Structures are given as C-alpha cells and as structure tokens.
Amino acid sequence: MKNNSVPTPFALVIAAVITAPAGAHEVLTGDTRLACEATLCLAAGSRPNECSPSLSRYFSIHKRKWSDTVQARANFLSLCPASDQTPEMRSLVSAMANGAGRCDAGSLNVTLRVWNNWDADGDRVFINNQMPDYCAAYTGHQYTNLDDLSPRYVGTPERGGYWVDARDQDAAVARYNDRIAAEDRRRRNDEWYR
C-alpha cells in the first residue's frame, strides 16, 4: 500500500509557492493561500485539521448549475500561482474541480443508480460498478495519492452491489457474501416448496 502523503515534488512546489511566491519575504494570504492549501489537501490521502479552512472555502463554492460550480471551483484553485506552471498542474486543477467531493462511496452510490424497468420482479434499482471518468482522473492523477483510498465496488450490480470506502472493503465483502448466501438459500427453499 502506498504512503498516503502527497508526492514529494508536488508538495515541494506548492510549499514553495505558499511561503515565497514573489520574493523571499512575502507569504501568500487570503484566497490565494487557501487555493494553494486546498490543492495540496485535495491531493493528499489523509487530511490534517490544518486543511479545514481551505477545504471549507473550496466546498462552499456553489452555483446554480453544476457546470458553473465546477468552473468556479477550478477558478478558485487556479488562484494558486503553481496551478498553471505545468500541464500536469493544469490537469490536476481540472481533475480536482470535477472530482473532489463527488468520488466518495456515498456520492457514487447516489449518482450511479440505474433503474431497470424490465426486470421480472418489477422496477429495481442497481448501482453501476463503473467509476466515472472524472473520478478516475482525480483519484488516479499522478499528483494525487488517492488511488489506494478510492472507493471500491462490492458485489455485482444485479445482486445489489454498492460502493464502499477502501478501508471498509473487507467487512463490506463479508456482509455482502453473507447476504447473497442467505438470499440463495431462501430461493432454493422457495423452489423446493413449489
């Protein structure tokens, strides 16, 4: 398993920008500082308490349309001077704006619901087991360290599979397997009585 800290070259660039953007005596302040801190915090696998102000600022950005929210969040992260220094940093800002806050297990279980009206048992809801592209771009970006922490899918869609946090995967698999075994026993018993 990977270390859950931010990749060193990326962290050094952000740290250097936060502490000395234009000269050795200047320190970033306000939204510019919060944008750099949010970028660093959103890339990290674990988020210390020091991330709270910058992440609160980032997640407080809401617009009427989701596409406007994504753009406003990208604009906020772009306030950090390091955000456009390389193509990788520009792609990181885009990946964060599109994925941060949308790629956890709870969000995926809501947004990836699919209704099946053609099921013999009537309408059924399934949760898709394919992670959206924006989540793969965010969790798998070379400047993030989230891949080992990204949500995992347990089971199969047609048998009630769902997304769980990586740390909960083993327990969730055990519960899922117990539920499937119980459902299969009930089906066999029902068929035997017919």
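Each chain carries its own residue numbering, running from 1 in the written order of its sequence. In view of the model being predicted, local features appear only for residues whose pLDDT reaches at least 70, and side-chain atom pairs are presented and counted only at 80 or more, with totals across whole chains, interfaces and linings using the full set of residues. Side-chain measures were taken over the full set of non-hydrogen atoms in the model, leaving aside hydrogen atoms and water.

A. Expanded view of the packing of aromatic side chains. The rule is short: rings of Phe, Tyr and Trp, with Trp giving its six-membered ring, pair when the centres are within 6.5 Å, and they are stacked under 30 degrees, edge-to-face over 60, tilted in between. Under the criterion given, the structure shown has two aromatic pairs. Between Y58 and F59 the ring centres are 4.9 Å apart and the planes differ by 80 degrees, which places this aromatic pair in the edge-to-face class. Per-residue accessibility, obtained with a 1.4 Å probe over protein chains only, is compared with the maximum for each type, and a residue is labelled buried under 20%, exposed over 50%, and partly exposed between these values. Assessed through its relative accessible area of 0%, Y58 is described here as buried. F59 gets classed as partly exposed once you look at its relative accessible area, which sits at 28%. Ring centres of Y153 and W163 lie 5.3 Å apart, and the angle between their planes is 75 degrees; on these two criteria the pair is classed as edge-to-face. Of this pair, Y153 sits in strand β3 (residues 152-154) while W163 sits in strand β4 (residues 162-164), placing them ten residues apart in sequence. As far as the burial class goes, Y153 and W163 line up, both buried. Labels follow the DSSP assignment, with helices taken as runs of H or I lasting at least four residues and strands as runs of E lasting at least two, numbered in each case from the N terminus.

B. Region of interest: helix α3 (residues 52-59). Three or more residues of α3 are buried, namely S54, L55 and Y58. Projection of α3 onto a plane perpendicular to its axis shows the buried side chains occupying an angular sector of 95 degrees, all on one side. Any two residues having at least one pair of non-hydrogen atoms within 4.5 Å are treated as being in contact. Each element contacted by the buried residues of α3 is listed here: α2 (30-43), α4 (66-77) and α5 (87-99). Think of it as the arc spanned by the lines of direction from the helix axis to the C-beta atoms.

C. Summary view of the nonpolar core. What makes a nonpolar core is a set of buried Ala, Val, Leu, Ile, Met, Phe, Trp, Tyr and Cys residues whose side-chain atoms join them at distances within 4.5 Å. Of all hydrophobic cores here, the largest spans 37 residues; its most connected members are L42, Y58, F76, L77, M96, Y138 and W163. Only α2, α3, α4, α5, α6 (105-111) and α7 (133-139) provide two or more residues apiece to this core. Looking at this core element by element, the count peaks at seven residues for α2. Ignoring sequence-local partners within four residues, the contact set of F76 consists of D31, L34, A35, A38, R57, Y58 and I61. Ranked by size, the runner-up nonpolar core spans five residues in total, among them V154, V164, Y176 and I180.

D. Spotlight on the side chain of T139. Structurally, T139 is set in helix α7. Apart from the residues lying within four places of it in its own chain, the contact partners of T139 are M131, T144, L146, D147 and S150.

E. Fine view of the pattern of salt bridges. Salt bridges are identified by distance alone: a Lys or Arg side-chain nitrogen within 4 Å of an Asp or Glu carboxyl oxygen. Following the criterion strictly, the structure yields seven salt bridges and no others. The residue R167 makes a salt bridge to D165 at a minimum N-O spacing of 3.5 Å. Note on R167: relative accessible area 71%, which makes it exposed. Each of R159, R179, E183, D184 and R187 takes part in salt bridges that share partners, so that together they form one network.

F. Structural view of the environment of L42. Secondary-structure assignment places L42 in helix α2. Taking the C-alpha atoms as reference points, L42 and A97, 55 residues apart in sequence, are found 9.9 Å from one another. L42 has contacts with R47, L55, Y58, F59, L77, M96, A100, Y138 and L146, leaving out every residue within four places of it along the chain.

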